[in-house]
Number of protein chains: 2
Amino acid sequence: MELSEIRKEIDAIDAQLLPLFIRRMDCAKKVAEVKRRDGTPVFNLEREQEILNRIAAQAGEYGGAARIVYNTIMSESRALQHTLLGAGSRLRTRIAAAPEAPRRTAAIACLGGKGSYSHDVVSQLYPQAVPSFFSRFGDIFRCVEQGEADLAVIPVENSSAGSVSEVYGLLMQYCFSIIAAKTLGVHHCLANRTGKFEDIRCVRSKDIALMQCSQRLAALQVPLSDSSSTSAAAELAARDAGVAAVCSESAAKAHGLHILERDIQNTDNNATRFVVISKELCIPRTAEKISLCFNVPHTTGSLNAVLSRFAAAGMNLTKIESRPIAGKTFEYDFYLDFTGNVHDPKVLELLCSLEDELPRFHFLGNYCECK
Amino acid sequence: MELSEIRKEIDAIDAQLLPLFIRRMDCAKKVAEVKRRDGTPVFNLEREQEILNRIAAQAGEYGGAARIVYNTIMSESRALQHTLLGAGSRLRTRIAAAPEAPRRTAAIACLGGKGSYSHDVVSQLYPQAVPSFFSRFGDIFRCVEQGEADLAVIPVENSSAGSVSEVYGLLMQYCFSIIAAKTLGVHHCLANRTGKFEDIRCVRSKDIALMQCSQRLAALQVPLSDSSSTSAAAELAARDAGVAAVCSESAAKAHGLHILERDIQNTDNNATRFVVISKELCIPRTAEKISLCFNVPHTTGSLNAVLSRFAAAGMNLTKIESRPIAGKTFEYDFYLDFTGNVHDPKVLELLCSLEDELPRFHFLGNYCECK
């Protein structure tokens, strides 16, 4: 037998299969009408599990495969029903009411100190703003909540460690939104007070920064020592001529240091992602990225069913991360980023149907990744 | 119309749909035979995209849904073909050759210092071992590579920040395996030299530990100050009666401190996960967790297609995390944990077919989560 013959057979099967799928989706429409009339909820776990078990049993050796194909079909039926029943009206209203830009951007809370990487981001995105510095996320959120700051800039993710789940937790607790994001490449400098290599007796920096520059630093053959932050290291270097700091160019300048060498990190692939958070949801017209947090019912394939909805809507995920929920074995929060704009009807429908369907669903914002 | 009538119609459609699906899977079997004979590769991106585009166009308003259902069907066909063609023979051989336990467990490299949380894990899992301490992951891997340590214990994930991607990178670079894991709840103590609260002039610890205990520490009304690690803070407290440290019970004991108060962290939900790594793959008979790293072709729904294979095999994911690949926009590595044992034929088949199919696929180990 030749491949072309088998493919003809497959095409013939598909020609029968597809009309059946379309009829099945038409049935989902009718179900939605009945559910609207009777006020029945869309999701019926028992009925779905019953179908899946029957199908899996009938499919014999292909049981696992049949189960997952049907899981996908039923997830799409459900999505259609949610859409027809006008799901997610609360989210729809919130999005429709969102302005394009924050009303005020004068006072900005940020993590770290003068010359920190967060400070750099503030200067680039809001050059006119006055930053106030904090060392704890909780204090930053309180400050924005009380209106002492209009916005805040915080690091949420870097390429050597994952997302800061504390930030996601606080976003949900305070119902704040992400209104912009910026990824900053890590560019560490070696800097000291005198500008002379021969004065270096010791190099100080935050542990992770020392690690990121380990190759260049090993060649210096001097002791390394941890400090609480890169800007704190710059401060120490300003006081002691024997100390060189690994820090940002801004931190070196802020503390009057001479830069001995730039870009001393091992690779150019380290980057930290910062987000701008706001009390009020703002959605720029050109927003291109959407962030969500949700959890899914604890059944095999449930995450898969949700992700298939993104794929069906043609959305590309740019991030997914699971986090165990405290005290609950085998239950997880998922953080998801994908490309899209809520003014695209397909995107809005997807979000609205998921808001109705998932036990916990948070729309965290639709924003631009700033260059 | 009543719900029961529509459901009857759905059941009637399913009764026709399932046999077609089964015939389509039978065709996949025949394709595998031809491909074996002719040495053709299983995956044919062009043919798959052609089918998907045709199906989506024919399905009209259900185009997105049809595309994702077909994506799932074709992914299952491919899995079947890989299995029939004896995929993943390299991985199969490696797994078959793996002993149940490491040959030597006397010398163990670990992150941090005496009394660190990593040290606690070493003491609990390998009470007879002599730990050697390192401050950088790279040094630990080198030490194991050169045979100076039999195993190493390193933290890879905590509940307030994600996975340490550096560790995953090193595991792949060195071809090491994870042979055990242990999650340690964070239990911070407040400790000083004198055992008297009134002597505390300042509290020191690693920044993240201070943050985790912010509520209790605020009530003390003394300044807080960062140090490079919790065990370094304990060392400082041992030298200065005015300094109290936030550290583990072991660190307090190791430095002769009195414990003023136990469990001062804000919540009991903070935990750090440690893994034991080995140069040689070992798989305990009772192994229950599998770790993988892979990436997927860059097409919409490709991650979804891979995850559907886990669901089809009845596997439950316990973790998923995406990480951008340096220098490649929209390409990601995925870290995945799921429950299972490679001696279960379904699990082995799944892994072997994915190894053949995915551009990059690393089996990182099958191990126990130690209590």
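Bear in mind that the values here come from a model prediction, so they are computed numbers and not experimental data.

(A) Local environment of the overall build of chain A. Each helix and strand in chain A was counted, giving 13 helices and 15 strands. Going through the 371 residues of chain A one by one, you find that 56% of them count as buried. Counting contacts in chain A only where the partners sit at least 6 residues apart, residues at least 24 apart contribute 74% of the total. A distance of 3 Å separates the average location of the 42 positive side-chain charges in chain A from that of its 43 negative side-chain charges.

(B) Structural view of the sheet that holds strand E6 (residues 189-192) of chain A. All names here are of chain A. Reading across the sheet, the five strands line up as E8-E7-E9-E6-E10 and stay open at both edges, with mixed pairing between neighbours. The open sheet terminates on both sides in strands that have one partner only, identified here as strand E8 (224-226) and strand E10 (258-261). Looking at each pair of strands side by side, their axes are set apart by 35° on average, direction ignored. Relative to E8, strand E7 (residues 202-205) runs parallel, the two being bridged by three bridges. Of the residues in E8, the one forming a bridge with Ser-205 is Asp-226. Seen against the sheet, helix H10 (residues 230-239) touches E6, E7 and strand E9 (243-247) and runs at an angle of roughly 155° to E9.

(C) View of the UniProt feature "domain: Chorismate mutase" (unreviewed entry) in chain A. Residues given the UniProt feature "domain: Chorismate mutase" (unreviewed entry) here are residues 1-85 of chain A. With 85% helix and 0% strand, the stretch residues 1-85 of chain A has end C-alpha atoms that lie 50 Å from each other.

(D) Examining the domain arrangement of chain A more closely. Taken domain by domain, chain A comprises domain 1 (1-85), domain 2 (107-186 + 271-278), domain 3 (190-261) and domain 4 (284-371). Domain 1 of chain A and domain 2 of chain A are separated by 45 Å when their C-alpha centres are compared.

(E) Representation of the interface of chain B and chain A within the structure. Counting residues at the interface gives 85 residues for chain B, matched by 85 residues for chain A. In total, chain B and chain A occlude about 8000 Å² of area from one another, counting both sides; carbon and sulfur atoms represent 62% of this. Between the two partners, chain B and chain A, sit 12 salt bridges. Of the charged contacts in the structure, one is a salt bridge between A:Lys29 and B:Glu61, with a shortest N-O distance of 3.0 Å. Counting every contact that joins chain B to chain A gives 22 residue pairs in polar contact (both at pLDDT 80 or more). Element by element, the count of residues in the side of chain B that touches chain A is highest for helix H1 (residues 3-38) of chain B, at 24 residues. Split into classes, the residues belonging to the side of chain B that touches chain A amount to 41 nonpolar, 21 polar and 23 charged.

(F) Structural view of the pairing of strand E12 (residues 289-295) of chain B. Residue and element names in this part refer to chain B. E12 sits mainly inside the fold: seven of its seven residues count as buried. Across the two faces of E12 the burial is the same, with Lys-289, Ser-291, Cys-293 and Asn-295 and Ile-290, Leu-292 and Phe-294 all buried. Note that E12 and strand E14 (residues 332-339) share six bridges and pair antiparallel. Residue pairing for E14: Phe-294 is matched across the bridge by Phe-334.

(G) Local environment of the relation of the copies chain B and chain A. Superposition record for chain B on chain A: RMSD 0.1 Å, screw rotation 180°, translation along axis 0.0 Å. Within this description, the copies of the chain are treated as partners about a two-fold rotation axis.

(H) Structural detail: the environment of A:Leu220. All names here are of chain A. The residue Leu-220 is located in helix H9 (residues 214-220) in this model. Since its relative accessible area comes to 19%, Leu-220 is described here as buried. On a C-alpha basis, the gap between Leu-220 and Cys-202 in space is 9.5 Å, while along the polypeptide they are 18 residues apart. Excluding residues that lie within four positions of it along the chain, Leu-220 makes contacts with Leu-190, Phe-197 and Val-203.

(I) Representation of the nonpolar core within the structure. Core analysis: the biggest nonpolar cluster contains 62 residues, and A:Phe363 and B:Phe363 have the highest contact counts within it. Other than its neighbours up to four places away in sequence, A:Phe363 contacts A:Leu91, A:Arg94, A:Ile95, A:Leu281, A:Ile283, A:Ile290, A:Ser291, A:Leu292, A:Val342 and A:Leu351. With 50 residues, the next largest nonpolar core counts A:Ile10, A:Leu20, A:Val31 and B:Cys27 among its residues.

(J) Seen up close, the side chain of A:Ser205. All names here are of chain A. By the secondary structure assignment, Ser-205 is in strand E7. For Ser-205, the side chain forms a polar contact with the main-chain oxygen of Val-246, separated by 2.6 Å. The residues contacting Ser-205, other than those within four sequence positions of it, are Leu-210, Ser-225, Asp-226, Ser-227, Thr-230, Ala-233 and Val-246.

(K) Focus on the sheet that holds strand E9 (residues 243-247) of chain B. All names here are of chain B. Here we have five strands laid out as an open sheet, ordered E8-E7-E9-E6-E10, and mixed in their pairing. One side of each edge strand has no neighbouring strand; the edge strands of this open sheet are strand E8 (224-226) and strand E10 (258-261). The sheet shows a mean angle of 35° between the axes of neighbouring strands, direction not considered. Two strands pair when backbone bridges link them, and strand E6 (residues 189-192) and E9 are joined in this way by three bridges, in the antiparallel orientation. By the bridge assignment, Ala-191 is partnered in E9 with Ala-245.

(L) Examining the packing of helix H4 (residues 89-97) of chain A against helix H13 (residues 345-357) of chain A more closely. Residue and element names in this part refer to chain A. Interhelical geometry of H4 versus H13 gives an angle of 135° and a closest axis separation of 8 Å. Comparing their axes, H13 and H4 come out oblique. When H4 is examined against H13, the residues Arg-90, Leu-91, Arg-92 and Ile-95 are found in contact with a partner set consisting of Leu-348, Leu-351, Cys-352 and Glu-355. Of the residues that constitute the contact of H4 with H13, the class distribution is five nonpolar, no polar and three charged.

(M) A look at the packing of helix H3 (residues 63-84) of chain A against helix H12 (residues 302-312) of chain B. Two numbers describe how H3(A) lies on H12(B): the axes approach to 8 Å, and their chain directions differ by 125°. Judged on the interaxial angle alone, H12(B) and H3(A) are oblique. H12(B) is crossed by H3(A), and the crossing has right-handed handedness. The segment H3(A) lies against H12(B), with A:Gly64, A:Ala65 and A:Ile68 engaging B:Ser308, B:Ala311 and B:Ala312. Grouping the constituent residues of the contact of H3(A) with H12(B) by class yields four nonpolar, two polar and no charged.

(N) Molecular detail of the pattern of salt bridges. Residue and element names in this part refer to chain A. For the structure shown, the criterion picks out 44 salt bridges over all chains. Between Arg-216 and Glu-261 there is a salt bridge, and its shortest N-O distance comes to 2.8 Å. Of this pair, Arg-216 sits in helix H9 while Glu-261 sits in strand E10; the two residues are 45 residues apart in sequence, bridging distant segments of the chain. For Arg-216, a relative accessible area of 25% corresponds to the partly exposed category. A salt bridge links Arg-273 to Asp-337; the shortest N-O distance between them is 3.6 Å. Taken together, the residues Arg-273 in strand E11 (residues 271-278) and Asp-337 in strand E14 (residues 332-339) connect sequence positions 64 residues apart.

Calculation rules
- Residues numbered from 1 in each chain as written.
- Chains lettered and ligands numbered in written order.
- Predicted model: local features only at pLDDT ≥ 70, side-chain atom pairs only at ≥ 80, totals over all residues.
- Heavy atoms only, no water.
- Helix = DSSP H or I, 4+ residues; strand = E, 2+ residues; numbered from the N terminus.
- Buried < 20%, exposed > 50% of the residue type's maximum accessible area, 1.4 Å probe, protein only.
- Contact = heavy atoms within 4.5 Å.
- Lys, Arg positive; Asp, Glu negative; His and termini not counted.
- Charge placed at Lys NZ, Arg CZ, Asp CG, Glu CD.
- Pairing = 2+ DSSP bridges.
- Axes fitted to C-alpha atoms, helices over the stretch in contact; angles between N-to-C directions.
- UniProt positions renumbered as here; feature names shortened; annotations may be inferred.
- Domains from an automatic or database assignment.
- Buried area = accessible area lost by both parts, 1.4 Å probe.
- Salt bridge = Lys/Arg side-chain N within 4 Å of Asp/Glu carboxyl O.
- Polar contact = N/O pair within 3.5 Å; in protein donor to acceptor, adjacent residues only side chain to side chain.
- Nonpolar A, V, L, I, M, F, W, Y, C, P; charged D, E, K, R; others polar.
- Least-squares fit on C-alpha atoms with pLDDT ≥ 70 in both.
- Core = buried A, V, L, I, M, F, W, Y, C linked by side-chain atoms within 4.5 Å.
- Parallel < 35°, antiparallel > 145°, perpendicular 65-115°, else oblique.
- Left-handed = near helix turned anticlockwise from the far one by under 90°.

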